[in-house]
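Here are the chains, one letter per residue:
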Amino acid sequence: MKRLWILILLAVLPAYIMAQQQYMEYNKKGDDAMVRQDYSNAKIWYEEGVSQCDPYSISQLTKIWLKNERMRPSMRSLMNKCLNCLNVMATEDDTTAVSKLIVYYTNGIGTPKSDELATYWQERLDKLQTPVVTNNTQPQDMQATHRERMKFFLGYSYSIESPYGLTVGGVGRRVGWYARFKTNMSFESHEAECNNQELTGSAGKDYYNFTNKKKINSYTATAGLVIKCTSWLYTSVGVGYGDRTVLYEYQTKNAVTGADEQVAWAKNIDATNNGIAADLDFMVKFGAMFVSAGCNTINFKYVDLNAGLGFFF
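About the thresholds
- Residues numbered from 1 in each chain as written.
- Predicted model: local features only at pLDDT ≥ 70, side-chain atom pairs only at ≥ 80, totals over all residues.
- Heavy atoms only, no water.
- Helix = DSSP H or I, 4+ residues; strand = E, 2+ residues; numbered from the N terminus.
- Buried < 20%, exposed > 50% of the residue type's maximum accessible area, 1.4 Å probe, protein only.
- Contact = heavy atoms within 4.5 Å.
- Areas by Shrake-Rupley, 256 points an atom, 1.4 Å probe, with all protein chains shown as cover.
- Pairing = 2+ DSSP bridges.
- Patch = residues over 30% accessible without salt bridge, like charges linked within 9 Å, V, L, I, M, F, W, Y side chains within 5 Å.
- Salt bridge = Lys/Arg side-chain N within 4 Å of Asp/Glu carboxyl O.
- Phe/Tyr/Trp six-rings, centres within 6.5 Å; stacked < 30°, edge-to-face > 60°.
- Lys NZ or Arg CZ within 6 Å of the ring centre and 35° of its normal.
- Disulfide = S-S within 2.5 Å.

Next up on the list: the overall build of the chain. Each helix and strand counted, the chain has seven helices and ten strands in total. Within the chain, the fraction of its 313 residues that count as buried is 37%. Across the chain, every contact between residues at least 6 apart in sequence was considered, and the portion connecting residues at least 24 apart equals 55%. Accessible surface, the chain: about 19,200 Å² in total, of which carbon and sulfur atoms supply 58%.

Only one face of strand E10 (residues 302-312) is buried, namely the one carrying Tyr302, Asp304, Asn306, Gly308, Gly310 and Phe312, since none of Val303, Leu305, Ala307, Leu309 and Phe311 on the opposite face is buried. Sheet topology places strand E1 (residues 151-159) next to E10; seven bridges connect them, and they run antiparallel. Directly across from Tyr158, in E10, lies its bridge partner Ala307. In the sheet, strand E9 (residues 289-298) pairs with E10 via ten bridges, with the strands oriented antiparallel. The residue of E10 that forms the bridge with Ala293 is Ala307. Hairpin connection of E9 to E10: three residues between the antiparallel strands, including Asn299 at a positive phi of 60 degrees.

Quick look at a nonpolar patch on the surface now. The grouping of Met150, Phe152, Leu154, Leu166, Val168, Trp177, Phe286, Met289, Val291, Leu309, Phe311 and Phe313 at the surface amounts to a nonpolar patch, some 1,100 Å² of accessible area in total. Within the residue set of the nonpolar patch, elements represented by two or more residues are E1, strand E2 (164-171), E9 and E10. Along the polypeptide, Met150 turns up in the loop between helix H7 (137-147) and E1. Of the residues examined, Met150 reaches a relative accessible area of 32% and is grouped as partly exposed.

Per the counting criterion, the structure on display carries twelve aromatic pairs. Judged by centre distance (5.0 Å) and plane angle (75 degrees), the rings of Tyr120 and Trp121 are edge-to-face. By way of ring pairs, the aromatic residues Phe153, Tyr234, Phe290 and Phe312 are connected into one cluster. If you follow Arg244 out to its NZ or CZ, it ends over the ring of Tyr302, 3.9 Å from the centre.

What follows covers the state of the cysteines. The tally for this structure, following the rule as stated, stands at one disulfide. Note that Cys53 is cross-linked by a disulfide to Cys85, the S-S spacing being 2.1 Å. When the S-S torsion is -75 degrees, as for the bridge of Cys53 with Cys85, the disulfide is left-handed. Placement of the pair is Cys53 in the loop between helix H2 (39-50) and helix H3 (55-67) and Cys85 in helix H4 (residues 72-90), with a sequence separation of 32 residues.

Here the focus is the pattern of salt bridges. Considering all chains together, one arrives at eight salt bridges under this definition. The salt bridge partner of Glu161 is Arg244, with a shortest N-O separation of 2.5 Å. Note that Glu161 is positioned in the loop between E1 and E2 and Arg244 in strand E6 (residues 233-253), a separation of 83 residues in sequence. Summarising the burial analysis for this pair, Glu161 and Arg244 share the class buried. The salt bridge involving Lys253 is made with Asp260; its shortest N-O contact spans 2.3 Å. For Asp260, a relative accessible area of 46% corresponds to the partly exposed category. One network of salt bridges, in which partners are shared, links Arg180, Asp279 and Asp281.

Okay, structure coming up:
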């Protein structure tokens, strides 16, 4: 079977090459005659192309017809053949052929003049050159707009020292927003202040000792931007206010007997931070669900880790 195809190729290829050479030859000789303004000779060469409905030959013959009125009587039947070729090509929506038909019917080339047919082919050409908007375009655009509408999300936010948190936000095509609040639900008050070693101020004169118990009051409120990196990966960055108050428990003692008396809390001013809070998180989306991880800081002195879980709707 392979040998058969090779034999067919060897038989057809030379014929094809010869046909191409012949095609180039008659058009080349016709062009040479056109340069010399020998229209009679050019007509003879281009006539060979009409038998194959060669668009170039037809175009050149049309030029001769329009330029030289003395040639027209001898070209009437030839131009009628050109007209037939153009009609065949025009039925296949060949815009070049349709343009030529408008010229033929307007000028009466190979056929009587016909304004009606010229108008028909002009309207046909206008339709072919006008982009067609299909009925499916509008629904597709509407679906694309629907897909790109802002999607809102709601999630639980957790950090080591503020395990109770809520995150809400929305994301459009590329950019969105979020707001977050976290706390550890501890709101213990304090009656004194201390540093890492001792009570400060007037309380430091009392007879006391630290019990080694510690408590933290913590909350942060932040808001910022959400950036859609890919269809499943988002990053968020925001700023706000945070307060992390570290409390040390201490117990006063009777200066005379040494007996334990009052137990109270002191604010450790060396470990406490409050002021500017900042968040940086990454969100990974799985269908309608998402998980997040990142970190937050208060005054860029204390850093805590974030985690979250939620859903888009």
